[in-house]
Amino acid sequence: MKTGIQPRVNTARAFFEIANNFSNNLEVLREALSNSYDADASETKITFELIYGPGYIRANKIIIKIEDNGKGINSIPENGAECSGLESFFNLGDSNKGENQIGSKGHGTKIYYKSQKITLDSWSNGNHIHAETEDDH
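Because the structure is predicted, anything quoted here is derived from the model rather than measured.

### Topic: the overall build of the protein chain
Right, on to step 1. Summing up its helical and strand segments, the protein chain has three helices and four strands in all.
Right, on to step 2. Order of helices (α) and strands (β) in the protein chain, N terminus to C terminus: α-α-β-β-α-β-β.
Right, on to step 3. Here the protein chain, with 137 residues, has 26% of them falling under the buried criterion.
Right, on to step 4. Long-range pairs, those at least 24 residues apart, make up 44% of the contacts in the protein chain between residues at least 6 apart in sequence.

Right, here's the structure in full:
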């Protein structure tokens with residue numbers, strides 16, 4: 001009999017399952033507004049750009065740009081956190097948010113993984129952070 005089995009997580013499948021648990025694509029907007037709220041933003045701007053591919057009469061791609069004046073995402077762990085805000089944005093289950101904040105479970109931003117590409121620009125304490133997914137997925 002085998003002993004000492006080490007449980008593992010199929011990370012790609014876990015990300016996929018959580019992203020697909022959000023059945024309505026409008027959840028992206030809900031998540032963005034929740035993040036803006038958690039970042040103490042007093043203003044949030046959401047714009048949509050419709051992209052038409054060759055031969056399409058309807059847009060086949062939508063670019064959603066979300067901007068707010070919140071406190072931004074940090075690139076280094078703060079206040080004893082295990083990871084930075086940037087890492088928790090992309091990681092599954094990590095969150096530096098307090099217990100009373102909307103995004104304390106660290107699952108919500110995974111809805112963005114239903115997108116072809118994710119680009120993140122944030123300014124925190126005068127520092128600019130730029131991150132994006134490597135390939136359109």
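### Topic: the pattern of salt bridges
When the charged atoms of two side chains with opposite charge come close together, those side chains can pair.
Right, on to step 1. Following the criterion strictly, the structure yields three salt bridges and no others.
Right, on to step 2. As a salt-bridge pair, arginine 30 and glutamate 31 come within 3.5 Å of each other at their nearest N and O atoms.
Right, on to step 3. Using a relative accessible area of 5% as the deciding quantity, one classes glutamate 31 as buried.
Right, on to step 4. As a salt-bridge pair, glutamate 132 and lysine 117 come within 3.3 Å of each other at their nearest N and O atoms. In this pair, glutamate 132 sits in strand E4 (residues 127–132) while lysine 117 sits in the loop between helix H3 (85–90) and strand E3 (119–124), placing the two residues 15 residues apart along the sequence.
Right, on to step 5. By relative accessible area, lysine 117 is classed as partly exposed at 40%.

### Some points on the pairing of E3
Right, on to step 1. Residue alternation in E3 divides its side chains into a buried set, Leu120, Ser122 and Ser124, and an unburied set, Thr119, Asp121 and Trp123.
Right, on to step 2. Bridge analysis of E3 against E4 gives six bridges, and the strand direction is antiparallel. Residue pairing for E4: tryptophan 123 is matched across the bridge by histidine 128.
Right, on to step 3. Joining the antiparallel neighbours E3 and E4 is a turn of two residues, in which asparagine 125 adopts a positive phi near 50°.

### Some details on the confidence of the model for the protein chain
Right, on to step 1. Residues with a pLDDT of 70 or more make up 73% of the protein chain, whose mean pLDDT is 78.
Right, on to step 2. Mean pLDDT values for the elements of the protein chain range from 69 in helix H1 (residues 11–21) up to 91 in strand E1 (residues 44–51).

### Points about the environment of arginine 30
Right, on to step 1. Take arginine 30: it is sitting in helix H2 (residues 27–38).
Right, on to step 2. Reaching out from arginine 30, the side chain makes a polar contact with the side chain of glutamate 31 at a distance of 3.5 Å.

Conventions we followed
Residues numbered from 1 in each chain as written. Predicted model: local features only at pLDDT ≥ 70, side-chain atom pairs only at ≥ 80, totals over all residues. Heavy atoms only, no water. Helix = DSSP H or I, 4+ residues; strand = E, 2+ residues; numbered from the N terminus. Buried < 20%, exposed > 50% of the residue type's maximum accessible area, 1.4 Å probe, protein only. Contact = heavy atoms within 4.5 Å. Salt bridge = Lys/Arg side-chain N within 4 Å of Asp/Glu carboxyl O. Pairing = 2+ DSSP bridges. pLDDT = per-residue confidence, 0-100. Polar contact = N/O pair within 3.5 Å; in protein donor to acceptor, adjacent residues only side chain to side chain.

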